[in-house]
Amino acid sequence: SDFVAWDGLDQVIVGVGLVRPKPNEFLDEVKYLLVLATPVEVVLLGVYFSGGDVETGYIELLPTQMSVPSDNVNMTKIVGMENGRIFMCGSDGCLYELQYQTSSAWYSSLFGRKCR
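Now for a description of the structure that goes with this document. Because the structure is predicted, anything quoted here is derived from the model rather than measured. (Residues numbered from 1 in each chain as written. Predicted model: local features only at pLDDT ≥ 70, side-chain atom pairs only at ≥ 80, totals over all residues. Heavy atoms only, no water.)

Before going further, it helps to examine the nonpolar core. Burial of nonpolar side chains together is a common tendency in soluble globular proteins. Ranked by size, the top nonpolar core spans 19 residues in total, and within it Leu-33, Val-35, Val-42, Leu-44, Ile-86 and Leu-98 carry the most contacts. Every element with two or more residues in this core is listed here: β2 (30-37), β3 (41-50), β4 (58-69), β5 (75-80), β6 (86-90) and β7 (95-102). The leading source of residues in this core is β2, at 4 residues. Judged by nonpolar contacts, the second largest core, of 8 residues, contains Leu-36, Leu-45, Val-47 and Phe-49. (Core = buried A, V, L, I, M, F, W, Y, C linked by side-chain atoms within 4.5 Å. Buried < 20%, exposed > 50% of the residue type's maximum accessible area, 1.4 Å probe, protein only. Helix = DSSP H or I, 4+ residues; strand = E, 2+ residues; numbered from the N terminus.)

Structure follows, in structure tokens:
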């Protein structure tokens, strides 16, 4: 019966991925990234567990202020690698890598997507 609602998007979500972040890029509490793709943009949210760990804590979503335009390409599949790299299959037949890097400040970042 536990669930989390997030109302930070006003577009239809067409793709979702739950991936591990790159080591040392986010706060230690952020164990996963939730990747939300719409026809307009791709957004990253931090996922952490308050009051415990994955087994005993409560899921919390942390906006990262990281988003990139998707240029009306639906990301039909989102997959994360063990090293934190994120790949997305676009409805245009391209394979995209979602590139992200944070600096020492939480909200300062480099973020983009690149067709591979």
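Structure's up, so let's keep going.
With that settled, the discussion passes to the sheet that holds strand β1 (residues 15-19). If you trace the 4 strands from one edge of the open sheet to the other, you get β1-β2-β3-β4, paired in antiparallel fashion. Of all the strands in the sheet, the pair left with one neighbour each is β1 and β4. Pairwise comparison of adjacent strand axes, ignoring direction, gives a mean angle of 20° for this sheet. Bridge count between β1 and β2: 5 bridges; the pairing is antiparallel. (Pairing = 2+ DSSP bridges. Axes fitted to C-alpha atoms, helices over the stretch in contact; angles between N-to-C directions.)

Relative to the helices and strands, Val-19 resides in strand β1. Put simply, Val-19 and Leu-34 are 15 residues apart on the chain and 6.6 Å apart in space, counted from C-alpha to C-alpha. Setting aside its immediate chain neighbours within four residues, Val-19 contacts Tyr-32, Leu-33, Val-35, Val-79, Gly-80 and Ile-86. (Contact = heavy atoms within 4.5 Å.)

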